[in-house]
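A look at the structure
These are the residues of each chain, in order.
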Amino acid sequence: MVHRIFLQTCLLWLLSCSLTWAAQDRIPVRVGVFENPPIVTATPGARPEGISIDMIRWVAEQEGWQVTYVPDSFDSLVSRLHKGDIDLLVGIAYSDERARRFQFGRESLIGNWGMVFRHAKTDIHSLPDLKGKRIALMRGSTHSQALVELLAQFDAPFTPVYVDSYPQVLEAIAERRADAGVVNRVFAALHAHQPDVVVTSIVFNPIFVHYAAPKDASPALLAVLDRHLAALKADPESAYYDSLRKWLEAAPAERVPRWLPWTAVVAGGVLALALVIAGFLRHQVQRQTGELQRRADQLQSEIEQREQAQEHLNQLAYFDGLTRLPNREGFRTVLNQTLAAMHTDERLALLFIDVDRLKNINDGLGHGAGDLLLQQIAIRLQSVLRAHDHLSRFGGDEFVVIVSEIGESSDAELVATRLLQSLSMPIDIGSTQIYSSASIGIALYPDDAITEESLLKHADTAMYQAKELGGNRFLFYHAQQTARVVERLTLDTRLRQALERDELLLHYQPIVELDSRRIIGVEALLRWEDPDRGLVMPGAFISAAEDTGLIVPLGEWVLEAGCAQLRDWQRGGKADGVTLAVNVSTRQFEGRRLVKSVEQALSRTGLAPEFLELEITENVMLIMNEDVRSSLDSLREMGVRLSLDDFGTGYSSLSYLKQLPFHTLKIDQSFVSKIPGQAGDTQIVTTILALAKGLGLEVVAEGIETQAQYDFLREHGCEFGQGYLMSRPVAADRLVAMLEQPVLEGKS
Ligand code: C2E
Ligand code: MG
Ligand code: MG
């Protein structure tokens, strides 16, 4: 854990250094701008303006960018971006097709969708009404393209009237060169009140507006933009929201039609005449105008309500309320669209992600904390995906990612690695820091399956296997895994029978004082002598037993069998001063049952409490509820020793450690296996040793396999150790032979 933080700190430092150098050089950035207010304006001779420009200016100021604006039509900017003539294009909507040609920033600038406007004298209310009409479309706009495709689906041919900007779309309608036209909702927010141009209730193609860079450009520019945008969007007082308010809430910029001055003169004359002739008529006109305005407002607000309702329904049907990610239904739609758009030689990967041990967090810290954690996890996962990968949440602790454009399976591996890394830094939930991890299963299309259902099933199976191997890892799907899942379903029944039929036994591994090589304790490790499979190791069944709760009676059996064995050795005078370490699962704490079973085991076997040491994994810190806390205190009062197992792998919380009644800390073998070679891990081990000393704890190093490890640990003040170098776990009769030798010699 410490080395992860260390690595991350180094990376952040390197990143910030490179950014600082970049700022000193004043990076020249060529930004393509086109007429698409209020996102961007590109009036010849005037400075570009708009929401995206406000953001560019803000970032440029922070980063010392030297920005040059390149005004052009959207269409030619797209081809300039393709050629690398500009470094950034602002206000470009994301689409899968474009993502194949350009790099997109992860953070969108704003959500947007297409709207159809019509001339007041045409009768257009729904999509089919557009059949046979002249429709003004901006060249290159995704909304225009989407409408063309929609109308093709409706089998509604029409006459396109192509123009170069959104203002020209409205102009074409006002001048009746077109019956209707397509603009986006952000633009419409400013121009909805133009004379003779009326909004219809046709809305379509929700998209997100981004910044894009050429495909082969360095990703650093977009990364910097993303970082600033994410920070700005997270702060309601930031320049981002100032800009939205400025542009979206501004008074509608009325466009004055060419005929208006003449009409005004005539109307003025008529009005003056009317005033003279009959004041009463003027009153009528005013009343009716007011009424018309009221109806128009009412209509507008009805349209808005209907849009909101539709949006809300979409949200419910396709999105998950907690994380705002697409739900299973949303996932299905995206997957099927992606599969349909794929060429025959393309591949895709489905990554099934399951958060490890979420249940512990829900049980220990409450569901509110679990929900907050899931939200943070969703953000972390999303943050390392490319814009065209799709993350969805299936409910509970399950997420699924669609990774398209996979070349080699190693591409999927890279994504999975990044996803796991994104969770490696602690997440703050209130005052608690939580270390999360996940298990990921990967299925490939078309290699493993070609239907949505089997792809999901296979990815799920692989995930399950990854979880069984201890979590915090990914696995690709293999056909044999399906057989293992079926096996697991029968495991529970067979394990229950094993307990009844006396098929369980204990092996013992010596714990040695490193200076003297004397055995000072033994750890009891559970084994299952399965008549069909032979000796089964705990890794194959402990986690299943924890899931079903069978671990509680299993753990009680271990306690009693272990205590009885040590007492037996003591009676034979063979185990003077030797302690017995027993692993206990956090589930055994429920209802303070552990305290009762320890009392019972000690009283039945007659073993003195100071010879018993309970090994509890770090995860216990997470469920530090009243049962656990008070049980630990009672056990310590009874005189039983407490040891924190696998230290460094899970939810290490150093502040907690100080308050808890532990005697011993066991450094996990994953660290020991890397010393004395790797600097980072060596440092972790020495840090843990120093920490333990400071807290007055004894330290046992687990998994010592080489003499070099042994020597390193001894030289750095580690007093005790355990590992294959001294002895593997062995059956009781072999251990008793070892106890008879005063000093443990060499390897087993
Ligand atoms: P653990 O408590 O960390 O136990 C140490 C594990 O490391 C044992 O694996 C041991 O055989 C292995 N080991 C010891 N020295 C070395 C070494 O030098 N190199 C390597 N590579 N491994 C070494 P085992 O027996 O397979 O047990 C695995 C885990 O299963 C244990 O990890 C413990 O968490 C769990 N377990 C075992 N027995 C029980 C039990 O009775 N109750 C509960 N709740 N869990 C148990
Ligand atoms: Mg242990
Ligand atoms: Mg351990």
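Residues numbered from 1 in each chain as written. Chains lettered and ligands numbered in written order. Predicted model: local features only at pLDDT ≥ 70, side-chain atom pairs only at ≥ 80, totals over all residues. Heavy atoms only, no water.

**Some words on the overall build of the protein**
- A tally of helices and strands in the protein yields 26 helices and 25 strands.
- Taking contacts inside the protein between residues at least 6 apart in sequence as the whole, the part at least 24 apart equals 71%. (Helix = DSSP H or I, 4+ residues; strand = E, 2+ residues; numbered from the N terminus. Contact = heavy atoms within 4.5 Å.)

**Focus on the confidence of the model for the protein**
- In the predicted model, the protein carries a mean pLDDT of 83, and the fraction of residues at 70 or more is 86%.
- Contacts for the low-pLDDT stretch residues 1-24, under 50 throughout, to residues beyond four places or in other chains number 23 contacts.
- Every residue in residues 250-258 scores below 50 in pLDDT, and together they form 15 contacts with partners more than four places removed in sequence or on other chains. (pLDDT = per-residue confidence, 0-100.)

**Regarding the coordination of the magnesium ion (ligand 2)**
- Protein coordination of the magnesium ion (ligand 2) is provided by Glu523 (OE), Asn583 (OD1), Glu615 (OE) and Asp645 (OD), with donor distances spanning 2.0 to 2.3 Å.
- Counting along the primary sequence, the residues that act as donors to the magnesium ion (ligand 2) give the motif E-x59-N-x31-E-x29-D.
- Residue class for Glu523 comes out buried when judged on its relative accessible area of 3%. (Donors = N, O, S within 2.8 Å, 3.2 Å for Na, K, Ca; no water. Buried < 20%, exposed > 50% of the residue type's maximum accessible area, 1.4 Å probe, protein only.)

**So, the pairing of strand S12 (residues 398-406)**
- Most of S12 is tucked away, with seven of its nine residues classed as buried.
- Relative to S12, strand S11 (residues 390-395) is paired through five bridges, and the arrangement is antiparallel. In the strand pairing of S12, Leu391 is matched with Val401.
- Between S11 and S12, which follow one another and run antiparallel, lie two residues, and Gly396 among them has a positive phi close to 55°. (Pairing = 2+ DSSP bridges.)

**Details of the coordination of the magnesium ion (ligand 3)**
- Coordination of the magnesium ion (ligand 3) by the protein comes from Asp645 (OD), Asp646 (OD), Glu702 (OE) and Glu702 (OE), over a distance range of 2.0 to 2.5 Å.
- Counting residues between consecutive donors of the magnesium ion (ligand 3) along the chain gives the motif D-D-x55-E.
- Between the two metal centres, the magnesium ion (ligand 3) and the magnesium ion (ligand 2), the spacing is 4.0 Å, with Asp645 acting as a shared donor. In this pair, Asp645 sits in strand S22 (residues 641-647) while Glu702 sits in the loop between strand S24 (698-701) and helix H25 (707-715), placing the two residues 57 residues apart along the sequence.

**Describing unusual backbone geometry**
- Note that the residue after Pro37, namely Pro38, is joined by a cis bond; omega there is 5°.
- Looking at the secondary structure, you find Pro38 in the loop between strand S1 (28-33) and helix H2 (51-63).
- The omega angle of the peptide bond from Tyr445 to Pro446 is 0°, so this bond is cis rather than trans.
- Residue position: Pro446 is located in the loop between strand S15 (438-445) and helix H16 (452-468).
- The backbone of Glu405 shows a phi angle near 55°, a positive value even though the residue is not glycine.
- One non-glycine residue with positive phi stands out, namely Asp646, at about 55°.
- Along the chain, the position of Asp646 falls in strand S22.

**Notes on empty space enclosed by the protein**
- Considering all chains together, one arrives at three cavities of 30 Å³ or more under this definition.
- Approximately 110 Å³ is the volume found for the largest cavity.
- If you go around the largest cavity, you meet 16 residues; those closest to its centre are Asn36, Gly91, Ala93, Thr142 and Tyr166.
- Within the residue set of the lining of the largest cavity, elements represented by two or more residues are strand S3 (88-93), helix H5 (142-153) and strand S9 (197-214). (1 Å grid on protein atoms, 1.4 Å probe; cavity = no way out; pocket = protein on both sides within 12 Å on 5 of 7 lines; lining within 4 Å. Points joined across faces, edges and corners; volume = space filled by probe spheres on them.)

**Description of the site of ligand 1**
- The local shell around ligand 1 holds 23 residues, among which Arg527, Asp645, Gln669, Glu705 and Tyr724 are the closest.
- The separation between an oxygen atom of ligand 1 and a polar side-chain atom of Asp645 is 2.8 Å.
- The separation between an oxygen atom of ligand 1 and a polar main-chain atom of Tyr724 is 2.7 Å.
- When isolated, ligand 1 has an accessible area of 790 Å², and the protein chains bury 83% of it.
- Elements with a minimum of two residues in the shell around ligand 1: strand S18 (519-530), helix H19 (551-571), strand S20 (579-584) and S22.
- Taken together, the residues that form the shell around ligand 1 break down as ten nonpolar, six polar and seven charged. (Near = heavy atom within 4 Å. Polar contact = N/O pair within 3.5 Å; in protein donor to acceptor, adjacent residues only side chain to side chain. Areas by Shrake-Rupley, 256 points an atom, 1.4 Å probe, with all protein chains shown as cover. Nonpolar A, V, L, I, M, F, W, Y, C, P; charged D, E, K, R; others polar.)

**Looking at the environment of Val355**
- As for its placement among the helices and strands, Val355 is situated in strand S10 (residues 347-355).
- Through-space distance from the C-alpha of Val355 to that of Ser439 is 6.4 Å; in sequence the pair is 84 residues apart.
- Residues in contact with Val355, not counting those within four places in the same chain, are Leu374, Ile377, Asp397, Phe399, Ser437, Ala438 and Lys467.

**Description of the side chain of Asp54**
- With respect to the helices and strands, the residue Asp54 is situated in helix H2.
- A distance of 2.8 Å separates the side chain of Asp54 from the side chain of Ser243, its partner in a polar contact.
- When neighbours within four sequence positions are excluded, Asp54 is seen to be in contact with Ser243, Lys246 and Trp247.

**Details of the pattern of salt bridges**
- With the rule as written, the count across this model stands at 28 salt bridges.
- Here Glu329 and Arg332 are joined by a salt bridge, their closest N and O atoms 3.2 Å apart. Of the two residues, Glu329 and Arg332 are both situated in helix H12 (residues 328-341); the distance of three residues between them amounts to about one turn of the helix.
- Since its relative accessible area comes to 36%, Glu329 is described here as partly exposed.
- In this structure, Glu698 engages Arg641 in a salt bridge whose closest nitrogen and oxygen atoms are separated by 3.0 Å. Within this pair, whereas Glu698 is found in strand S24, its partner Arg641 is found in strand S22, the two being separated by 57 residues in sequence.
- On the accessibility criterion, Glu698 (32% relative accessible area) is partly exposed. (Salt bridge = Lys/Arg side-chain N within 4 Å of Asp/Glu carboxyl O.)

**A word on helix H21 (residues 626-638)**
- Under the 1.5 Å per step criterion, the end-to-end length of H21 is 18 Å for 13 residues, consistent within 8% with the ideal 18 Å.
- Buried within H21 we find Val628, Ser630, Ser631, Leu632, Ser634 and Leu635.
- Elements in contact with the buried residues of H21: helix H20 (593-605), strand S21 (612-617) and S22.
- Downstream of H21 by a residue or two, Gly639 has a phi angle that is positive, lying close to 100°. (Expected span 1.5 Å × (residues − 1).)

**Focus on the nonpolar core**
- Core analysis: the biggest nonpolar cluster contains 80 residues, and Trp569, Leu612 and Leu614 have the highest contact counts within it.
- No other element matches H19, which puts eight residues into this core.
- Leaving out residues up to four positions away in the same chain, Trp569 has contacts with Tyr508, Val522, Lys574, Ala575, Ala732, Leu735, Val736 and Leu739.
- Counting 62 residues, the second largest nonpolar core, distinct from the first, contains Val31, Phe117, Val199 and Tyr240. (Core = buried A, V, L, I, M, F, W, Y, C linked by side-chain atoms within 4.5 Å.)

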